[in-house]
Amino acid sequence: QVQLVESGGGLVQAGGSLRLSCAASGRTIRISAMGWFRQAPGKEREFVAAINWSTGGTYATDSVKGRFTISRDNTKNTLYLQMNSLKPEDTAVYYCAVREYYAGSYNNIHDYNYWGQGTQVTVSS
């Protein structure tokens, strides 16, 4: 089992920045990747960004490229999402997730085994 605790959400004006953190504990030795997903009211949960836990390779959806940066600190088993130039359409509950086993892609929600409780990000216009 892996436990995930997110923090860093909040209310920010458009154009502002937030940094999300996700601390992992438990069976972290089997992590192959971690990712951030988000879910806006009335919409399905969608992929935001992911990172290969060993190589540090990163992947992001087009709508956040150039604005969001995913990173990790292996020594602390912590995942980060630096969000800059935030837009009202970024408003959502953000979830971090762990993928234990290798998969061909990083954006498939069904490949992730463990999920955090979510943190609310609200961007006002």
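Structure: see above.
What comes next concerns the included structure. Bear in mind the structure is a predicted one, so any value in this text is a computation, not a measurement.

As a further point, take the packing of aromatic side chains. For any pair of aromatic rings, geometry is given as the distance between the ring centres together with the angle between the planes. Per the counting criterion, the structure on display carries five aromatic pairs. Each ring, one from Tyr59 and one from Tyr106, has its centre 4.0 Å from the other, and the planes form 15 degrees; the classification is stacked. Placement of Tyr59 in strand 6 (residues 58–60) and of Tyr106 in the loop between strand 9 (92–99) and strand 10 (114–115) is noted, with a sequence separation of 47 residues between them. Of the residues examined, Tyr106 reaches a relative accessible area of 11% and is grouped as buried. Of the aromatic side chains, those joined through ring pairs into one cluster are Phe37, Phe47, Tyr112 and Trp115. Seen from the ring of Tyr80, Arg19 lies directly overhead, with NZ or CZ sitting 4.0 Å from the centre. When the ring centre of Tyr106 is taken as origin, the NZ or CZ atom of Arg99, which lies over that ring, is 4.6 Å away.

What follows is about the environment of Thr55. Note on placement: Thr55 falls in the loop between strand 5 (46–52) and strand 6. Distance in space between the C-alpha atoms of Thr55 and Ala33 is 9.5 Å, their sequence separation being 22 residues. Within the structure, Thr55 has its side chain in polar contact with the backbone nitrogen of Gly57 (distance 3.1 Å).

On the secondary structure map, Thr28 appears in the loop between strand 3 (18–26) and strand 4 (33–39). Residue classification places Thr28 among the buried positions, given a relative accessible area of 16%. Excluding residues that lie within four positions of it along the chain, Thr28 makes contacts with Val2 and Asn77.

About the thresholds
- Residues numbered from 1 in each chain as written.
- Predicted model: local features only at pLDDT ≥ 70, side-chain atom pairs only at ≥ 80, totals over all residues.
- Heavy atoms only, no water.
- Phe/Tyr/Trp six-rings, centres within 6.5 Å; stacked < 30°, edge-to-face > 60°.
- Helix = DSSP H or I, 4+ residues; strand = E, 2+ residues; numbered from the N terminus.
- Buried < 20%, exposed > 50% of the residue type's maximum accessible area, 1.4 Å probe, protein only.
- Lys NZ or Arg CZ within 6 Å of the ring centre and 35° of its normal.
- Polar contact = N/O pair within 3.5 Å; in protein donor to acceptor, adjacent residues only side chain to side chain.
- Contact = heavy atoms within 4.5 Å.

By themselves, these figures tell us nothing about what the structure is for.
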